[in-house]
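Remarks on the overall topology
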Amino acid sequence: MTGAPSPTLEHLREAAEAAWLWDGQRSRIVWANQAAIAYFGGQSLFDLIDRPFDMQEPGVEQLAGLWHSLRQGEVQLCLLHFPSLGAQAPLTCKCTVHALTDGRAGLLVTATGTVAAEADALQTDLAGAFDLLPTPAALIGTNGGLRHLNKAALQLLVPAQRGNLGALLGDDASAQDILTRLDQAGTISLIRSVAFAIGHRDLRITARKLTGSNHALLLLDDITERRALETQLAVNPVRTVPRPAIAPADADAPDRASQETAVSPKPEPATKTAPQPRRKLSHIPDIVRNHIDRLPEPVLIAKEGGLLYANPAACQLLGHASAEDALNDQLLNERFGTLDKTLPATDIKVSSGASIRLIAHMSLLPWLNGPARQFLLEPAAAQAPPARVRESAPESVIAAPPQEVASSAEAPLPEADQELRAILDTAADGIITLDAQLRIHTFSAGAEAIFGYRIAEVAGKPFADLIAAESRKVLREYLAALQGPGLASLFNDGREVTAIVKQGGTVPLFLTLGKLQAVKSQAAFCAVVRDITQWKKTETELRQAKETAEATSRQKSEFLARISHELRTPLNAIMGFSEVMRLQRFGRIENEKYRGYVNDIHASGGHLLSLINDLLDLSKVEAGKLELNFTSVNLDDVTEHAMKMLQEQATSARVVLRKALPPELPNVVADLRSMRQIMLNLLSNAVKFTDPGGQVIVSAQVTPAGELKLRVKDTGIGMDAEQLREALEPFRRVTTEGRDAQGTGLGLPLTKALAEANRAQFSISSEPRKGTLAEITFPTTRVLAE
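Attention in this report is confined to the structure presented alongside it.

The subject of this paragraph is the pattern of salt bridges. Across all of its chains, the model carries 25 salt bridges by this definition. Ionic pairing is found between Arg439 and Asp435, a salt bridge with its closest N-O pair at 3.1 Å. On the accessibility criterion, Arg439 (34% relative accessible area) is partly exposed. A residue is classified by how much of its surface remains accessible, and Asp435, at 14% relative accessible area, is buried. In this structure, Glu457 and Lys502 form a salt bridge, with 2.9 Å as the shortest nitrogen-oxygen distance. Residue Glu457 is found in helix H17 (residues 455–458), and its partner Lys502 is found in the loop between strand S19 (495–500) and strand S20 (506–515); the two are separated by 45 residues along the sequence. Judged by its relative accessible area of 30%, Glu457 is partly exposed.

Structure (structure tokens):
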């Protein structure tokens, strides 16, 4: 649409509606009235000039499109929404093309205050409905940024996960894969395990592109409990262990194979052995014995020399009343004491004289003083290896059908347990599980290496016994915070504690304690400990190095302040008296040599004073204590001031000073005093090292990117690359043919330091006999627009 001519900035300056000038090429605001400054949350125009904008924000995307499509004189009415400002409703604005100070096309945006009430109400209702969705949901942009999250998503995600899809998943590569698949398919659904403050949760992530929009809808469905229930039902079905057929040694009694209960009366054993001393059951930690006793499958544990243990199911199967009776069965000890492989279907004889046809599946099991061999016994009639159930299921669960038992037995759990144990043992950190009373349940190899204890020594003992007395209060407070209702239970950032080790002494640890979500697990907490001895040592060294550097810097500053005061007092007297003598205020000096000496004294004093001032300024910049007053600085005035001060010196050296600044050069945000010193240093060096008849030119330019470059070019003797490096080092003076002018060696280093203190970039290039070019570049955020 076309409308009335574009209003001037002067008319909009005091307008009640927000108005601002948008630089579409650099995506920033270059002018705004007071209403716009308040709308964008600033206090002055400088706040808006420095403010970065996200190119994916809806309002910025619309402005970018209008900047490309609008023609001169055309007025477009649009709704601009800036969620980063916290605005709930979009702002109705008129947009038109407006020229910037450097001639480029900008966009003048003026709020009208007229919003389509029906559309606004509909948008508000839709936003409210989105927020009320019970499933966590978010809108994502084409780059994966999370644009808007509903209340359920805000409750689920911590602030660090609300930025983009990569931060949510903790993996940028997975996020990029999802975005690529979404762009190709339109709708995707996948399951990912995501780490939250409350632990890892399984999410079904569904993403669907929105028609006619650059955004997509992201649904995050928490399926952790459902998957855990499915896994429990699939892996831990309740089943009945079939009774094996037991045949007596006497073949004339076949009917005994069908008996349901205990073993028949003992016949005379086939072979007689010498009496052996009765073996006692060795001490086995409760945590190990209870775990084996709960298994419904018959299990024997053996090492070289005989049996170590038999669980109740094995005792019942083999006809023994207790594990100690099984350990004293000579025939079983002979069969399994040296067996080191899986035993196929074989008739196993026991001391009672019975013969049982069994399959024994062998696997290695971690044990005290080295690994032991675990044998899972299975009646030979069953073809599939027995599945191992971790814990008995509730009585209300009905036994699984035979086909489900067979499928669950395809992956026996002992090997899986060993693999998981091996994975945990490879971690350098110690991983410890604790019960509800904080007693030690399991102890990884990393924990054994840190504390010096083996699992058998600490199983069942309080975890607090391993923590030094001064750190036990920290442990109690940490546990209380995890169990409390506050935010500390969600934002688990760990604690530093001191641990007691078996070898004696203490070590610093970083402890992370978290709740376990498994319902039937005996462990209630998982503790991860990391030895931070080296970190503490490095931290101490860094702190000492920092304190030493600060003390050295402080001593240097104090020395410079003190010595400058001590030098300036007599130096001012020397320069004052030499000035009186040079001007012959109290009578004429007849001797010509005396007059020359007085001039030399005055010049040397001025040189020394300049050296002291430069040295102090350089030290202040390095220490970060140079006080700068940032204001709007006119570079034309700065250049004119410096040229007037050096005009006499240039005339004496027969060097031409020229200024070539554009008439509409914008101001910059800088410190006026330091900018004058920078220009004086650059022009003084240029005049000093330019031969008679040469010239020094000051110019400036605004680049297409919006940066402002201030240049000082001379036609002097120049420098090569090595000389240029020396010139930028403090107290280094380049000595070559034709370079006999005096200097302090601080001009260029001080100029570079002052330019960087003004947030500008300093660069210099030179070539022998072709002159030198010094360039100061102000970034776009420091360049002002009229």
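From this point on, the discussion continues.
All right, on to the packing of aromatic side chains then. Using the criterion set out here, one finds nine aromatic pairs in the structure. A ring pair is formed by Trp20 and Phe82, whose centres lie 6.4 Å apart and whose planes are at 70°; its orientation type is edge-to-face. With Trp20 in strand S1 (residues 19–23) and Phe82 in the loop between strand S3 (75–80) and strand S4 (91–99), this residue pair connects regions lying 62 residues apart in the sequence. Looking at Trp20, the relative accessible area reads 0%, which means it is buried. For the pair Tyr39 and Phe40, a centre-to-centre distance of 5.3 Å together with 85° between the ring planes defines the contact as edge-to-face. With relative accessibility at 24%, the residue Tyr39 sits in the partly exposed group. On the accessibility criterion, Phe40 (6% relative accessible area) is buried. In this structure an aromatic cluster arises from ring pairing among Trp20, Trp22, Tyr39, Phe40, Phe53 and Phe82. Note that Arg51 overlies the ring of Phe53, its terminal NZ or CZ placed 4.5 Å from the centroid. Over the ring of Phe630 we find Arg782; its NZ or CZ atom is 4.9 Å from the centre of that ring.

Below, the discussion takes up helix H18 (residues 469–483). An α-helix turns once per 3.6 residues; consequently, residues spaced three or four apart project the same way. If you check H18, its first and last C-alpha atoms are 22 Å apart, about what 15 residues at 1.5 Å a residue would give, namely 21 Å. Turning to H18, its buried residues are Ser471, Leu475, Tyr478, Leu479 and Leu482. Angular distribution of buried residues about the axis of H18 spans 95°; they occupy a single face of the element. Counted as exposed and oriented over 90 degrees from the buried face of H18: Ala469, Glu470, Lys473 and Arg476. Contact partners of the buried residues in H18: S19, S20 and strand S21 (525–531).

Relative to the elements of secondary structure, Thr639 occurs in helix H21 (residues 635–652). Leaving out residues up to four positions away in the same chain, Thr639 has contacts with Lys659, Leu661, Met679 and Val698.

Among the structural elements, Asn328 can be located in the loop between helix H12 (323–327) and helix H13 (330–336). Through-space distance from the C-alpha of Asn328 to that of Ser351 is 9.1 Å; in sequence the pair is 23 residues apart.

The phi torsion at Arg654 lies on the positive side, around 55°, for a residue other than glycine. Position of Arg654 relative to the elements: it lies in the loop between H21 and strand S23 (656–660). Looking at Arg654, the relative accessible area reads 59%, which means it is exposed. Phi angles above zero are rare outside glycine, and Arg769 is one such case at about 65°. Residue position: Arg769 is located in the loop between strand S27 (761–767) and strand S28 (771–778). By relative accessible area, Arg769 is classed as exposed at 57%.

With that settled, consider helix H24 (residues 747–757). The element H24 is extensively covered by neighbouring structure, given that nine of its eleven residues are classed as buried. If you check which residues of H24 are buried, you get Gly747, Leu748, Pro749, Leu750, Thr751, Ala753, Leu754, Ala755 and Ala757. Phi for Arg759, located one or two positions after H24, is positive at around 65°.

This next bit is on the environment of Ala354. Secondary-structure assignment places Ala354 in the loop between strand S14 (343–349) and strand S15 (355–365). Here the alpha-carbon distance between Ala354 and Gly319, two residues 35 residues apart in the chain, equals 8.7 Å.

The next subject is the nonpolar core. Core analysis: the biggest nonpolar cluster contains 43 residues, and Leu635, Leu683 and Phe778 have the highest contact counts within it. With seven residues, the single largest contributor to this core is helix H22 (residues 672–688). Those residues in contact with Leu683 that lie beyond four places of it in its chain are Ala642, Met643, Leu646, Val696, Val698 and Val712. Counting residues in each nonpolar core, the second largest holds 35 residues, with Leu300, Ile301, Ala372 and Leu377 among its members.

Before going further, it helps to spend a moment on the environment of Leu300. As for its position among the elements, Leu300 is in strand S12 (residues 299–303). We classify Leu300 as buried; its relative accessible area is 0%. Leu300 sits 75 residues away from Phe375 along the chain, and the two C-alpha atoms are 5.1 Å apart. The residues contacting Leu300, other than those within four sequence positions of it, are Leu307, Tyr309, Ala310, Ala314, Leu318, Phe336, Arg373, Gln374, Phe375 and Leu377.

A regular strand places its side chains so that they alternate between the two faces of the sheet. The buried fraction of strand S5 (residues 105–111) amounts to six of the seven residues, a majority that puts the element mostly inside the structure. Of the strand pairs in this sheet, S1 and S5 are connected by four bridges, and their pairing is antiparallel. The residue of S5 that forms the bridge with Trp22 is Leu107. Summarising the sheet, S4 and S5 pair through seven bridges and their orientation is antiparallel. Across the sheet, Cys93 pairs through a bridge with Ala111, a residue of S5. Between S4 and S5, which follow one another and run antiparallel, lie five residues, and Gly103 among them has a positive phi close to 95°.

It is worth spelling out the sheet that holds strand S2 (residues 28–32) at this point. Across the sheet, five strands lie side by side as S2-S1-S5-S4-S3; this open sheet has antiparallel pairing. Each edge of the open sheet carries a strand with a single partner, namely S2 and S3. When the angles between neighbouring strand axes are averaged without regard to direction, this sheet yields 35°. Examined bridge by bridge, S1 and S2 share four bridges and lie antiparallel to one another. Paired with Trp22 across the two strands is Ile29, which belongs to S2. Of the strands in this sheet, S1, S3, S4 and S5 are in contact with helix H4 (residues 58–69), which crosses S3 at around 165°.

How each quantity is defined
Residues numbered from 1 in each chain as written. Predicted model: local features only at pLDDT ≥ 70, side-chain atom pairs only at ≥ 80, totals over all residues. Heavy atoms only, no water. Salt bridge = Lys/Arg side-chain N within 4 Å of Asp/Glu carboxyl O. Buried < 20%, exposed > 50% of the residue type's maximum accessible area, 1.4 Å probe, protein only. Helix = DSSP H or I, 4+ residues; strand = E, 2+ residues; numbered from the N terminus. Phe/Tyr/Trp six-rings, centres within 6.5 Å; stacked < 30°, edge-to-face > 60°. Lys NZ or Arg CZ within 6 Å of the ring centre and 35° of its normal. Expected span 1.5 Å × (residues − 1). Arc of directions from axis to C-beta. Contact = heavy atoms within 4.5 Å. Core = buried A, V, L, I, M, F, W, Y, C linked by side-chain atoms within 4.5 Å. Pairing = 2+ DSSP bridges. Axes fitted to C-alpha atoms, helices over the stretch in contact; angles between N-to-C directions.

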